[in-house]
Amino acid sequence: MSEILSIDNLTKKYGYLTAVSNLSFTINKGNVYGILGPNGSGKSTTLGIVLNVVNRTSGEFKWFDGTVSTHEALKKVGAIIERPNFYPYMSAYDNLKLVCKIKGVSYEKIDEKLEIVGLIERKNSPFRTFSLGMKQRLAIASALLNDPEILILDEPTNGLDPQGIHQIRTLIKQIASEGTTILLASHLLDEVEKVCSHVVVLRKGEKLYSGRVDEMVSSFGFFELRTEKTSELVKLLQADAAFNKVTELDGLVTAFLEQPMDASDFNKMMYEKGIVLSHLVKRKPSLEEQFLQLTDSTNPTKN
Amino acid sequence: MKRLLNIELQKLLLNKTSKVLIIISFILPFFVILLSSFKINFFGLFTIELGEYGIFNFPLIWHITTFFAAFFKIFFAVVVVSMVSNEYSYKTLKQNLIDGLSKKEFILSKFYTIVFFSLISTVLIFFITISIGLYYSSIDEFSIIIKGTEFILAYFVKLLGFFSFCLFLGMLLRKSAFALAFLFIEYILEWFIYWGVYEAFDNSTEKAEMVKNFLPLESMYNLINQPIQRAIMMYSPEKVDFAYDYAVHWYEILIVLAWTGIFIFLSYRLLKNRDL
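Just so we're clear, the structure is a prediction, and the values are computed from it rather than from any experiment.

A. Structural context of the sheet that holds strand E8 (residues 198-203) of chain A. Residue and element names in this part refer to chain A. Pairing within the open sheet is mixed, and its 6 strands lie in the order E5-E6-E7-E3-E8-E9. Two strands in the sheet have a free side with no partner beyond their single neighbour: strand E5 (77-80) and strand E9 (206-212). Looking at each pair of strands side by side, their axes are set apart by 10° on average, direction ignored. Where E8 lies against E9, 6 bridges are found, and the strand directions are antiparallel. Across the sheet, the residue bridging to valine 201 is tyrosine 209, located in E9. Its contacts with the sheet place helix H5 (residues 132-144) against E5 and strand E6 (150-154), and it is angled at close to 165° to E5. On top of the sheet, helix H6 (residues 162-177) reaches strand E3 (32-36), E6 and strand E7 (181-186); it is set at about 150° to E7, its chief contact.

B. Main features of empty space enclosed by the protein. Evaluation of the coordinates by the stated rule reveals 4 cavities of 30 Å³ or more. In this structure, the largest cavity encloses a volume near 70 Å³. For the largest cavity, the full set of lining residues is Tyr87 and Tyr89 of chain A together with Glu8, Lys11, Leu12, Asn15, Ser18, Ser82, Met83, Asn86, Glu87 and Lys110 of chain B. Residue assignment for the lining of the largest cavity shows that the elements contributing at least two residues are helix H1 (2-13) and helix H5 (73-89) of chain B. Ranked by the residues each element gives to the lining of the largest cavity, the list is headed by H5 of chain B, at 4 residues. A per-class count over the lining of the largest cavity returns 4 nonpolar, 4 polar and 4 charged. One number sums up the size of the second largest cavity: a volume of about 50 Å³. Taken together, Asn85, Phe86, Tyr87, Asn95, Leu98 and Val99 of chain A together with Thr92, Gln95, Asn96 and Asp99 of chain B make up the full set of residues lining the second largest cavity. Residue assignment for the lining of the second largest cavity shows that the elements contributing at least two residues are helix H3 (92-103) of chain A together with helix H6 (92-98) of chain B.

C. View of the interface of chain A and chain B. The interface is formed by 26 residues belonging to chain A together with 27 residues belonging to chain B. For the chain A and chain B pair, buried surface summed over both sides reaches about 2,600 Å², with 54% attributable to carbon and sulfur atoms. Three residues stand out in chain A for area buried against chain B, namely Val53, Tyr89 and Ile102 of chain A, and they jointly supply 25% of the buried area on that side. At the junction of chain A with chain B, the criterion picks out 1 salt bridge. Salt-bridge contacts for lysine 12 of chain A lead to aspartate 275 of chain B; the nearest nitrogen and oxygen are separated by 2.8 Å. The tally of links from chain A across to chain B stands at 15 residue pairs in polar contact (both at pLDDT 80 or more).

D. Region of interest: the packing of aromatic side chains. All names here are of chain B. The full count for this structure, using the stated rule, is 26 aromatic pairs over all chains. Here the aromatic rings of phenylalanine 67 and phenylalanine 71 are separated by 5.3 Å at their centres, their planes lie at 90°, and the arrangement is edge-to-face. Residue classification places phenylalanine 67 among the buried positions, given a relative accessible area of 6%. Through successive ring pairs, a cluster of aromatic residues spans Phe76, Phe116, Phe117, Phe162 and Phe163. In this structure, lysine 212 packs its charged tip against the face of tryptophan 191, placed 3.7 Å from the ring centre.

Calculation criteria
Residues numbered from 1 in each chain as written. Chains lettered and ligands numbered in written order. Predicted model: local features only at pLDDT ≥ 70, side-chain atom pairs only at ≥ 80, totals over all residues. Heavy atoms only, no water. Pairing = 2+ DSSP bridges. Helix = DSSP H or I, 4+ residues; strand = E, 2+ residues; numbered from the N terminus. Axes fitted to C-alpha atoms, helices over the stretch in contact; angles between N-to-C directions. Contact = heavy atoms within 4.5 Å. 1 Å grid on protein atoms, 1.4 Å probe; cavity = no way out; pocket = protein on both sides within 12 Å on 5 of 7 lines; lining within 4 Å. Points joined across faces, edges and corners; volume = space filled by probe spheres on them. Nonpolar A, V, L, I, M, F, W, Y, C, P; charged D, E, K, R; others polar. Buried area = accessible area lost by both parts, 1.4 Å probe. Salt bridge = Lys/Arg side-chain N within 4 Å of Asp/Glu carboxyl O. Polar contact = N/O pair within 3.5 Å; in protein donor to acceptor, adjacent residues only side chain to side chain. Phe/Tyr/Trp six-rings, centres within 6.5 Å; stacked < 30°, edge-to-face > 60°. Buried < 20%, exposed > 50% of the residue type's maximum accessible area, 1.4 Å probe, protein only. Lys NZ or Arg CZ within 6 Å of the ring centre and 35° of its normal.

Now the structure itself:
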């Protein structure tokens, strides 16, 4: 599998604040990657560094095995950051023409890409007359002009209405299905869960996890339990080494497993100890729960 | 180079404001010069024909046209400043870099545009001057016509230096209004420096002038000194105390070219070290 981007010990400091700290990960061809993290976790800064707009403090990054300079490599990359930035007085067509000139792409691509994002009828309208959804779609068309090896999207659905969000997501899925490598930064977990196969989780500039989405937390799942003897159950579970965390809310006890355990074995064990369960569900955590668990577990105030 | 110029020209020429200002700064001066060379009749009361006073004769005409045309550079200066500040306010600078333009190429595309328009303006003024001159003067000796063309070179260098200064101010301050205001402040600042040196060196105007000649705006002004005194001297050669050094010196050109280099380099350094 060929490497598209590799980041090695990247650090960015803004004065006293460390936005990105010793970050390393690799992007391989053909996968859909998500960079996940709360606001201010260093997602945009990381993308800014590899996209040549933010200067790194230390560390290295390499595009395409490091054989070309960053700005040459970026001609093979399509990227959209935060908000679509175009010249308001130019038409959609002229804006894309300018991008073609920068990337060294033929103008024939313009109509083709405008067709994909559904803006072909508005190609001669000035950019300033566009709605935010249309602007974002134009940005995607612009990023696709060079048939990029990798498409980088930073919060692509930010500020859009539900319809706009849906349009953009459909587009991303369509592009991903055609085999384009995608790197998607977002704080919206369901967005990442729906499109990405791999994920990098950041918190306060530090990497918490990188790998496949479904292997994010080495979790054996958890039980959701209800019984009449709630306090006894909690006491019992807390004493058991097989569980690492037990919480109780409105009579619903959640017990996280430290080692594999079958639901029926567990039920039997409880019955033997004189606790009759009225509710027993074994579940694998959703991405959101995994994410919260991950960002929580490094919190100094954990219980 | 053609690609970079092409990119910047598209940005400028599709913008209505820039287009109007470009026309004003490069076409208007030639109309003014052309009009002033015509015979003007003031309501039948009297006629003014500037040509009669001999100011359109070679070699003085080179000095006159370049001096007055250079005032219109301020309109293009607004374009230069706004072509940088717009990139910041539209955030297209960031987008350009992401699309694969290097920071060096970004500055170069602006610089090439400055050179391009300065050249056009210089070529235009050359032809206008030579046509008016040939019309008014009886001289058709090639060596005399050519004498004084150093003012054309000075005109080009003056535009180049001034616009590079504007480019730098735009990069530094990111807002057109601030950049243009700073231009005015710089003018005052140069007088303060003049005054400071004057005080420091026992009221020596000589030393103060020497220092001021190295400052950006003054060095650009020095390239083409005012021609009015020279025109008066032509009529009354007996006024000896009117004599002054109006020639274009090689070191004057060198100082302005050095500033041009410094400004372009500093613009690049600023951009290189900035997080966008």
